[in-house]
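One-letter residues, chain by chain:
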Amino acid sequence: QKEVEQDPGPLSVPEGAIVSLNCTYSNSAFQYFMWYRQYSRKGPELLMYTYSSGNKEDGRFTAQVDKSSKYISLFIRDSQPSDSATYLCAMTSLNTGANSKLTFGKGITLSVRP
Amino acid sequence: EAGVAQSPRYKIIEKRQSVAFWCNPISGHATLYWYQQILGQGPKLLIQFQNNGVVDDSQLPKDRFSAERLKGVDSTLKIQPAKLEDSAVYLCASSLEGRPGGYTFGSGTRLTVV
């Protein structure tokens, strides 16, 4: 079993739709959870960063963490064509130092149709 | 703030040849990472530096890959000899004191081994 599993894609939605992206993980040592967005031929850029279980909102984006179920989600409201990209979940066990390496999911490619 | 600079952007080599990639992190970022992203997968950590010391190289194929970070600033990643399965995007990232929420990725070097 991989440490981080991400729902397979690709995903195509119409503009304005609500998008739900999900990851599960098996390593209970993971404490910090991130969502990255990666445009074609670009490096990943940090979208959301959460620590505790619960929801964190930033504009049209909401990150949700359920540590008891080892499940994280990213919701995108009122999706726009500019949201078309690959979304990667990532997680790590410690905040600094030797264990700050990130373990990524495979990524899911989202396409928002105008 | 200038981002993480990587060069070259693209490289095509034949198997068994050698290749080197260069990374210049964000000024002041002590932690530098090299990740390998194979098509359709999430990035995988190859090596992590703290200043010019290696923190984690457990997933670096040391028989063919090497990396150095001189004077705690720029870094180079070398592959010698290259194999077909080394075809991937090589991403450099840096962060302040290894904080996972503070990663900044470069745009990567896309390597094709033929």
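Further up the page is the structure itself.
Residues numbered from 1 in each chain as written. Chains lettered and ligands numbered in written order. Predicted model: local features only at pLDDT ≥ 70, side-chain atom pairs only at ≥ 80, totals over all residues. Heavy atoms only, no water.

What to know about the overall build of chain B
Part 1 of the argument: Along the backbone of chain B there are zero helices and eleven strands.
Part 2 of the argument: Scanning chain B from its N terminus toward the C terminus, one meets helices and strands in the order β-β-β-β-β-β-β-β-β-β-β.
Part 3 of the argument: Relative to its length of 114 residues, chain B is compact, with a C-alpha radius of gyration of 13 Å against a globular reference of 13 Å.
Part 4 of the argument: Principal axes of the C-alpha set define a box for chain B whose edges measure 35 × 25 × 25 Å.
Part 5 of the argument: Per-residue burial over chain B gives 47% buried out of 114 residues.
Part 6 of the argument: On chain B, roughly 5,400 Å² of surface is accessible, and the fraction owed to carbon and sulfur atoms is 49%.
Part 7 of the argument: On chain B, the mean spot of the 13 positive side-chain charges and the mean spot of the 10 negative ones are 5 Å from each other. (Helix = DSSP H or I, 4+ residues; strand = E, 2+ residues; numbered from the N terminus. Rg over C-alpha atoms; globule rule 2.2 N^0.38 Å. Buried < 20%, exposed > 50% of the residue type's maximum accessible area, 1.4 Å probe, protein only. Areas by Shrake-Rupley, 256 points an atom, 1.4 Å probe, with all protein chains shown as cover. Lys, Arg positive; Asp, Glu negative; His and termini not counted. Charge placed at Lys NZ, Arg CZ, Asp CG, Glu CD.)

A few points about the nonpolar core
Part 1 of the argument: Counting residues in each nonpolar core, the largest one holds 25 residues, and the members touching the most others are Trp35(A), Ile72(A), Leu74(A), Tyr87(A) and Met91(A).
Part 2 of the argument: Listed by contribution, the elements that provide at least two residues to this core are strand 3 (19-25), strand 4 (32-38), strand 5 (45-50), strand 7 (61-66), strand 8 (71-76), strand 9 (85-92) and strand 11 (108-113) of chain A.
Part 3 of the argument: Counting 21 residues, the second largest nonpolar core, distinct from the first, contains Cys23(B), Leu32(B), Phe49(B) and Tyr90(B). (Core = buried A, V, L, I, M, F, W, Y, C linked by side-chain atoms within 4.5 Å.)

Some words on the layout of surface pockets
Part 1 of the argument: In this structure, the largest pocket encloses a volume near 610 Å³.
Part 2 of the argument: Lining the largest pocket are 30 residues, and of these Gln38(A), Gln37(B), Leu39(B), Gly40(B) and Arg110(B) sit closest to its centre.
Part 3 of the argument: Mapped by element, the contributors of at least two residues to the lining of the largest pocket are strand 11 of chain A together with strand 9 (88-95) and strand 11 (109-113) of chain B.
Part 4 of the argument: Its residues assigned to classes, the lining of the largest pocket shows nine nonpolar, 15 polar and six charged.
Part 5 of the argument: In terms of lining, the second largest pocket is formed by 17 residues, of which the most central are Thr103(A), Phe104(A), Gly42(B), Pro43(B) and Lys44(B).
Part 6 of the argument: Each residue belonging to the lining of the second largest pocket can be placed in one class, and the counts come to six nonpolar, six polar and five charged. (1 Å grid on protein atoms, 1.4 Å probe; cavity = no way out; pocket = protein on both sides within 12 Å on 5 of 7 lines; lining within 4 Å. Points joined across faces, edges and corners; volume = space filled by probe spheres on them. Nonpolar A, V, L, I, M, F, W, Y, C, P; charged D, E, K, R; others polar.)

Here's the deal with the state of the cysteines
Part 1 of the argument: Following the criterion strictly, the structure yields two disulfides over all chains and no others.
Part 2 of the argument: Covalent S-S linkage joins Cys23(A) and Cys89(A), the inter-sulfur distance amounting to 2.0 Å. Disulfide Cys23(A)-Cys89(A): torsion about the S-S bond near -100°, hence left-handed. In this pair, Cys23(A) sits in strand 3 while Cys89(A) sits in strand 9, placing the two residues 66 residues apart along the sequence. Cys89(A) shares its class with Cys23(A); the two are buried.
Part 3 of the argument: Here Cys23(B) engages in a disulfide with Cys92(B); their sulfurs sit 1.9 Å apart. Residues Cys23(B) and Cys92(B) are joined through a disulfide that is left-handed, its torsion about the S-S bond being -70°. (Disulfide = S-S within 2.5 Å.)

Some points on the packing of aromatic side chains
Part 1 of the argument: Tallied over the entire structure, the rule returns 15 aromatic pairs over all chains.
Part 2 of the argument: For the ring pair Tyr25(A) and Phe33(A), a centre distance of 5.2 Å and an interplane angle of 45° mean the geometry is tilted.
Part 3 of the argument: Residue classification places Phe33(A) among the buried residues on the basis of a relative accessible area of 2%.
Part 4 of the argument: Relative to Tyr90(B), the ring of Phe21(B) lies with its centre 5.0 Å away and its plane at 25°, an arrangement referred to as stacked. You can see Phe21(B) sitting in strand 3 (residues 19-24) and its partner Tyr90(B) sitting in strand 9, a full 69 residues away along the chain. The same class applies to Phe21(B) as to Tyr90(B), namely buried.
Part 5 of the argument: Each member of the aromatic cluster is reached from another via a ring pair, and the members are Tyr36(A), Phe104(A), Tyr33(B), Tyr35(B), Tyr103(B) and Phe105(B). (Phe/Tyr/Trp six-rings, centres within 6.5 Å; stacked < 30°, edge-to-face > 60°.)

Quick word on the pattern of salt bridges
A side chain of one charge can pair with a side chain of the opposite charge if their charged atoms are brought near each other.
Part 1 of the argument: Under the defined criterion, the tally for this structure stands at six salt bridges over all chains.
Part 2 of the argument: Residue Glu45(A) pairs with Arg37(A) through a salt bridge whose shortest N-O separation is 3.2 Å.
Part 3 of the argument: On the basis of relative accessibility, which here comes to 34%, the residue Glu45(A) falls in the partly exposed class.
Part 4 of the argument: The exposure class assigned to Arg37(A) is buried, which follows from its relative accessible area of 15%.
Part 5 of the argument: The closest approach of N and O atoms between Asp86(B) and Arg64(B), which form a salt bridge, is 2.5 Å. On the criterion of sequence distance, the pair formed by Asp86(B) in the loop between strand 8 (75-79) and strand 9 and Arg64(B) in the loop between strand 6 (53-56) and strand 7 (65-69) is long-range, its members being 22 residues apart. Grouping residues by exposure puts Asp86(B) and Arg64(B) together as buried. (Salt bridge = Lys/Arg side-chain N within 4 Å of Asp/Glu carboxyl O.)

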